[in-house]
4 protein chains.
Amino acid sequence: MRKLAYLGPEGTFSEEALRILAPDAERLPCSNVAAALDAARRGEAEGAVVPLENSLEGGITSTLDELAWGQPLIIVAELLLPVKFSLLARPGTELGQIKRVITHQAAHTQCRAFLARELPDVHVIAAASTAAAAQEVSLPGSPYDAAIGAAIAGEHYGLIEVASDIGDRSDTVTRFVQVTRPGPLPKPTGADRTSLVAYLAEDHSGALLDMLSQFATRGINLTRIESRPTGDGIGQYFFHFDCEGHVFESRVGEALSGLHRVCADVRFLGSYARADGLSPQIRRGTADHEFAEAAEWLDRIRGDGA
Amino acid sequence: MRKLAYLGPEGTFSEEALRILAPDAERLPCSNVAAALDAARRGEAEGAVVPLENSLEGGITSTLDELAWGQPLIIVAELLLPVKFSLLARPGTELGQIKRVITHQAAHTQCRAFLARELPDVHVIAAASTAAAAQEVSLPGSPYDAAIGAAIAGEHYGLIEVASDIGDRSDTVTRFVQVTRPGPLPKPTGADRTSLVAYLAEDHSGALLDMLSQFATRGINLTRIESRPTGDGIGQYFFHFDCEGHVFESRVGEALSGLHRVCADVRFLGSYARADGLSPQIRRGTADHEFAEAAEWLDRIRGDGA
Amino acid sequence: MRKLAYLGPEGTFSEEALRILAPDAERLPCSNVAAALDAARRGEAEGAVVPLENSLEGGITSTLDELAWGQPLIIVAELLLPVKFSLLARPGTELGQIKRVITHQAAHTQCRAFLARELPDVHVIAAASTAAAAQEVSLPGSPYDAAIGAAIAGEHYGLIEVASDIGDRSDTVTRFVQVTRPGPLPKPTGADRTSLVAYLAEDHSGALLDMLSQFATRGINLTRIESRPTGDGIGQYFFHFDCEGHVFESRVGEALSGLHRVCADVRFLGSYARADGLSPQIRRGTADHEFAEAAEWLDRIRGDGA
Amino acid sequence: MRKLAYLGPEGTFSEEALRILAPDAERLPCSNVAAALDAARRGEAEGAVVPLENSLEGGITSTLDELAWGQPLIIVAELLLPVKFSLLARPGTELGQIKRVITHQAAHTQCRAFLARELPDVHVIAAASTAAAAQEVSLPGSPYDAAIGAAIAGEHYGLIEVASDIGDRSDTVTRFVQVTRPGPLPKPTGADRTSLVAYLAEDHSGALLDMLSQFATRGINLTRIESRPTGDGIGQYFFHFDCEGHVFESRVGEALSGLHRVCADVRFLGSYARADGLSPQIRRGTADHEFAEAAEWLDRIRGDGA
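From a predicted model like this one, the values you see are computed outputs, not experimental measurements.

Participant: Where do I start with the overall build of chain A in this structure?
Facilitator: A count of helices and strands for chain A gives ten helices and 15 strands. Principal-axis analysis of the C-alpha atoms gives chain A an extent of 85 × 45 × 35 Å. Counting all 306 residues of chain A, 58% fall into the buried class. Contacts spanning at least 24 positions in sequence make up 75% of the contacts within chain A whose residues lie at least 6 apart. Only carbon and sulfur atoms are counted for the fraction: they give 49% of the accessible area of chain A, which is about 11500 Å².

In structure tokens form, the structure reads like this:
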């Protein structure tokens, strides 16, 4: 039976995502994203399930940066998980008694309106994950009165829901990805996404436009672009891209090759089925058979000009 | 005497930035970025000094999102502040005794290598700011043994430096901006930057390339691009841009107008002197006098065709 | 009563075009395109009607070059004239007797298949115009047996049609333009065309793409692009452009200004109603009201940033 | 010994070009460009030498159109030939006696200033070539007093030079190309040119920009672009392109493939050494080894994602 690492402890949204993506897998909880990815890298787990971005908070920078550096991992699946927050406390606690709340920073941000309205004087302390916060509250003698986290975490740690669905927006979604060490890629499904990281060539102004042109010339839409600092100073960035299509498709392959040529470096992060199942619109001249015909034509004219 | 809000309490890097940007200003410490910006919005302060991005951590998302939504504020100055972290503890504390450290999440991330090497078993708790962490450690009966923060915070709260310059990289820099309510813009200096936020028109594919073309066609380099989720679901983003030049310059004005036309909305975040003093290279055909000549020519041909 | 010059003598397609474009005008026949345009330039005529391009032969280079250099003239109207050729001879002539044919070179080219099929051994001599050829044939003692020209020319010079509609293609069309000295432009009709000539900046590679981008960025389709040599050596060209829209429209005005900035020189050749009456599709963000809104917004943010 | 067709009769500039391009070849004079190309197509000659463009007159439309349609031919060499015109007449003729001049239309155009100044009342008749004009003048009983043509034509037909170098510009150059039936291409020299013809996909607006982007994305400069009517009506064009580089180079091959995909049709017209010997500047990311590295990388990531 295969084992997958995830951001633990039990009761996190990551665990929920893992249960959906791989119901039969053994689960290895890790204390943070880096640890989960390292477990996959070192072979302690076959892979890992980690959050990549949130519809309210944006990119999960620790995941973005961990995937960009270090030993390569590739994404083989993605999941869009609705995120619902509950206010979790020890049995018997009432809303009016809550003075100190612990939760993950992202959850804090997403529940700001509820906190301002219902608990204007509350003190919020940051935890490593929402499940860790729930766990902390469940400990005897905890200095915290409540945690904000998934209902599942409350169940797990014997807490009650003092309030549920307390997020500022009820439609918040987190995108999780399942990563593994490099190996055979998922087969194209016709509704795929490709992820990659690109590092600008330093001596090359207008480089971002050049990168985007590689996609545009082949009729490929980008579904996400995110800049991250290289660490070498303000103004130095690298880029995470998600684009439509699978690297096995000609237009995607040629665009990635093009990117490889104009960039200082490109890291491939995988081609995998889109969670939303949307098929791209293939623009005239960019279908696989058109690439094949063009290649045959090129061979022919290189042969004898005709 | 004017008053500026900042991310407090005393001893934060924001305070340090404020002291450099406006040495004579009265300082109003606020508990978070949103509170500092709101103080400026409501007129409790004339403006605010907040971090915008960090060379290691990337964009400060709370600042980016706060500037994008709510009542407009504009940037009037920027500062690049080297960030040095110290391990701060109550007098008498030795490295070997430190079991529980409190600090801001960003500082934690930036000191990971030091912590892994010197304090492999330490427990790190997140605080609202590095100064708040130092303040916490200084309190009698604090459950924390040390804080990670600026040396200045240590001085302020009576702590000693158990270790200094403990960041993984010694060249980390944070970019701070001074914002005010809309009003007369800073004069162009020849080495300026313009910041703005652009919201894609929903029904418009290839919209990002269209936006970038507005800059490229006028020969304007982008110095930063950052995508942020609109909150309306995965795949829905808006963009922060920094570009070279001042909105009073013709090429910048026309690019911004162009952006206004092709986007659902554009928010202007100010034109101000670059902290690095770099002057842009003005490409042929994009200087102010060339715009003026072209406008005169257009008037002439519209008049009588000649 | 106004007078218009045209490529004479009487009986040319140019005369036919002039009669349709300006039925009441006095007609001044000239021996070639340059002479007709010069008559307009010198004020001997109020304007001139000249051919600009032919659907089979392409641009009429003498017109293109004459409009690009010398004293400026602007186009105020255009006409698409179907071109039908007849084989014209003195009364009594039969097809089998025709050994020497005189006509304009363009007409010769367009009737090649007929000549090869029906008169394989004929000798074809070039004349300045098809009407001049008909006139020549009509003279007593002419060495030529027949002319190729418009039926109207035959009538005019007392010739018979030995064969009619002898062009290789029955759908050939010539585009004529009416030009005048610079003055008030025709009013926009909603279905207009703008013509211009652009000279590349010499020190600027990728200049053609830059020029085209000026149109593309403002959503303007080009309806014709024609390169012409500057005369300064192989590889040195200037360009004739026709684009959709009227210079009074904002998107066209801004594109022309942009072109003026990136080119060594631009000559405006007029905005006028399209003969085909086709209205352009106005792309999102390029309508006049959107330009006006963007300009107001720019004024506002330049005023106080809001 | 090989035989090459050319635009005759003896004494044309084409003959001069042929003598330079292939000094040892047998020469087959033809009455026009189409006939010369057909001789090559039918195998009556191994190839043909024809004019492609003139620095004053522009593209030679008969050559452009003949190469675009019919059985394919490819260019294997090019030559830039300075063009000098002489006024040629029968021995004993003086300038003042000349009333009727015969020449090719292009020569007429290029000597306009001389004719206006020295022979203001002269009557100019068009001939099929400048050499044919010289031949005509040399015939006993010719109605023409002089021809305009190459000095070599005068020698050939026993005429004297009444005036020499009478062109309006002394630096006029004609570009000749040597074409053959499709076969092995000339080897790349490092300073090559590639010629092709592209037909726009009818249902595809912005198609010209798309075509140019195929070159721009691969860092390839265009050295000539010429639109020609398809014959299907005003506004319907196809395009002749010359670009830097050889089809054996990766960036050129990929650009041509890209063009093949986005166009209704592309006809390859050959890759051959540039007459001017100029080497292109290879832009970062477009050298053959960079294409090879990118292809290897793509194979690798398609294999196992790493």
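Still more to cover.
Participant: Where do I start with the interface of chain B and chain C in this structure?
Facilitator: Accessible area lost on assembly of the parts is the figure often given for the size of an interface. The partner chain C presents 42 residues to the 42 residues of chain B that form the contact. Carbon and sulfur atoms supply 58% of the area that chain B and chain C bury against each other, a total of about 3400 Å² over both sides. Residues Arg261 of chain C and Glu254 of chain B are paired through a salt bridge, measuring 3.6 Å at the closest nitrogen-oxygen approach. Residue contributions to the side of chain B that touches chain C peak at ten residues, all from helix α10 (residues 288-304) of chain B. Along the lines of polarity and charge, the residues of the side of chain B that touches chain C split into 19 nonpolar, twelve polar and eleven charged.

Participant: Sorry, what's going on with the arrangement of the chains here?
Facilitator: Without any contact between them, chain A and chain C keep their closest C-alpha atoms 14 Å apart. A minimum C-alpha distance of 14 Å separates chain B and chain D, which share no contact.

Participant: Where do I start with helix α6 (residues 130-138) of chain B in this structure?
Facilitator: Inspection of α6 of chain B places Thr130, Ala131, Ala133, Ala134 and Val137 of chain B among the buried residues, and these make up the whole buried set. Seen from one end, α6 of chain B has its buried residues packed into an arc of 155°, which puts them on one side.

Participant: Would you mind showing me how to read the sheet that holds strand β13 (residues 222-229) of chain C here?
Facilitator: Two strands in a sheet stick together by hydrogen bonds in their backbones, pointing the same way (parallel) or opposite ways (antiparallel). Residue and element names in this part refer to chain C. The strand order across the open sheet built from four strands is β13-β14-β12-β15, with neighbouring strands paired in antiparallel fashion. Strands with a single pairing partner mark the edges of an open sheet, and in this sheet they are β13 and β15 (263-273). Pairwise comparison of adjacent strand axes, ignoring direction, gives a mean angle of 15° for this sheet. In terms of strand pairing, strand β12 (residues 192-200) meets β15 through eight bridges, oriented antiparallel. Bridging from a neighbouring strand, Leu196 pairs with Phe268 of β15.

Participant: Teacher, can you tell me more about the relation of the copies chain A and chain D here?
Facilitator: Note on the chain copies: they are related by a rotation about an axis and a translation along it. For the match of chain A to chain D, the screw axis carries a shift of 0.1 Å, the RMSD comes to 0.1 Å, and the turn is 180°. This pairing of chains is accounted for by a two-fold axis. Closest approach to the rotation axis within chain A is made by the C-alpha atom of Thr217 of chain A, at a distance of 3.8 Å. When you check the interface residues of chain A against chain D, 98% turn up at the interface there too, and the contact is symmetric in its surfaces.

Participant: Explain the pairing of strand β3 (residues 47-54) of chain D here, please?
Facilitator: Residues in a regular strand point their side chains to alternate faces of the sheet. All names here are of chain D. For β3, the tally of buried residues reaches eight of eight residues, placing the bulk of the element in the interior. With three bridges connecting them, strand β1 (residues 3-7) and β3 associate as parallel partners. Looking at the pairing, Tyr6 lines up with Val49 of β3. As judged from the seven bridges shared by β3 and strand β11 (residues 173-180), these two strands associate in the antiparallel manner.

Participant: Please clarify how the packing of aromatic side chains should be interpreted in this entry.
Facilitator: We describe a pair of aromatic rings using the distance from one ring centre to the other and the angle between the two ring planes. Tallied over the full model, the rule gives 24 aromatic pairs over all chains. Ring geometry for Phe13 of chain B against Phe85 of chain B: centres 5.6 Å apart, planes inclined by 85°, an arrangement best described as edge-to-face. Taken together, the residues span a long stretch of sequence, with Phe13 of chain B in helix α1 (residues 13-21) and Phe85 of chain B in the loop between β5 (74-82) and β6 (86-89) at a distance of 72 residues. We classify Phe13 of chain B as buried; its relative accessible area is 11%. Using a relative accessible area of 5% as the deciding quantity, one classes Phe85 of chain B as buried. Here the aromatic residues Trp69, Tyr199 and Phe238 of chain A are joined through ring pairs into a cluster of three or more. Arg261 of chain A extends its terminal NZ or CZ atom over the ring of Phe291 of chain D, reaching a point 3.8 Å from the ring centre.

Participant: Can you walk me through the interface of chain A and chain D in this structure?
Facilitator: Each side of the interface is counted separately: chain A has 42 residues, and chain D has 41 residues. Interface area for chain A against chain D, summed over the two sides, is near 3400 Å², with a carbon-plus-sulfur share of 59%. Applying the counting rule to chain A against chain D returns four salt bridges. Taken together, the connections running from chain A to chain D amount to nine residue pairs in polar contact (both at pLDDT 80 or more). Of all the elements in the fold, those that place two or more residues in the side of chain A that touches chain D are α8 (207-217), α9 (250-262), β15 (263-273) and α10 (288-304) of chain A. Looking at the side of chain A that touches chain D, the element that brings in the most residues is α10 of chain A, giving ten residues. Taken together, the residues of the side of chain A that touches chain D sort by class into 19 nonpolar, 13 polar and ten charged.

Participant: I would appreciate a short explanation of the pairing of strand β7 (residues 100-104) of chain C in the present structure.
Facilitator: Residue and element names in this part refer to chain C. Where β7 and strand β8 (residues 123-127) come together, five bridges link them in parallel fashion. Paired with Thr103 across the bridge in β8 is Ala126. Where β7 and strand β9 (residues 146-149) come together, two bridges link them in parallel fashion. Counted as the bridge partner of Val101 is Ala146 from β9.

About the criteria used
- Residues numbered from 1 in each chain as written.
- Chains lettered and ligands numbered in written order.
- Predicted model: local features only at pLDDT ≥ 70, side-chain atom pairs only at ≥ 80, totals over all residues.
- Heavy atoms only, no water.
- Helix = DSSP H or I, 4+ residues; strand = E, 2+ residues; numbered from the N terminus.
- Buried < 20%, exposed > 50% of the residue type's maximum accessible area, 1.4 Å probe, protein only.
- Contact = heavy atoms within 4.5 Å.
- Areas by Shrake-Rupley, 256 points an atom, 1.4 Å probe, with all protein chains shown as cover.
- Buried area = accessible area lost by both parts, 1.4 Å probe.
- Salt bridge = Lys/Arg side-chain N within 4 Å of Asp/Glu carboxyl O.
- Nonpolar A, V, L, I, M, F, W, Y, C, P; charged D, E, K, R; others polar.
- Arc of directions from axis to C-beta.
- Pairing = 2+ DSSP bridges.
- Axes fitted to C-alpha atoms, helices over the stretch in contact; angles between N-to-C directions.
- Least-squares fit on C-alpha atoms with pLDDT ≥ 70 in both.
- Phe/Tyr/Trp six-rings, centres within 6.5 Å; stacked < 30°, edge-to-face > 60°.
- Lys NZ or Arg CZ within 6 Å of the ring centre and 35° of its normal.
- Polar contact = N/O pair within 3.5 Å; in protein donor to acceptor, adjacent residues only side chain to side chain.

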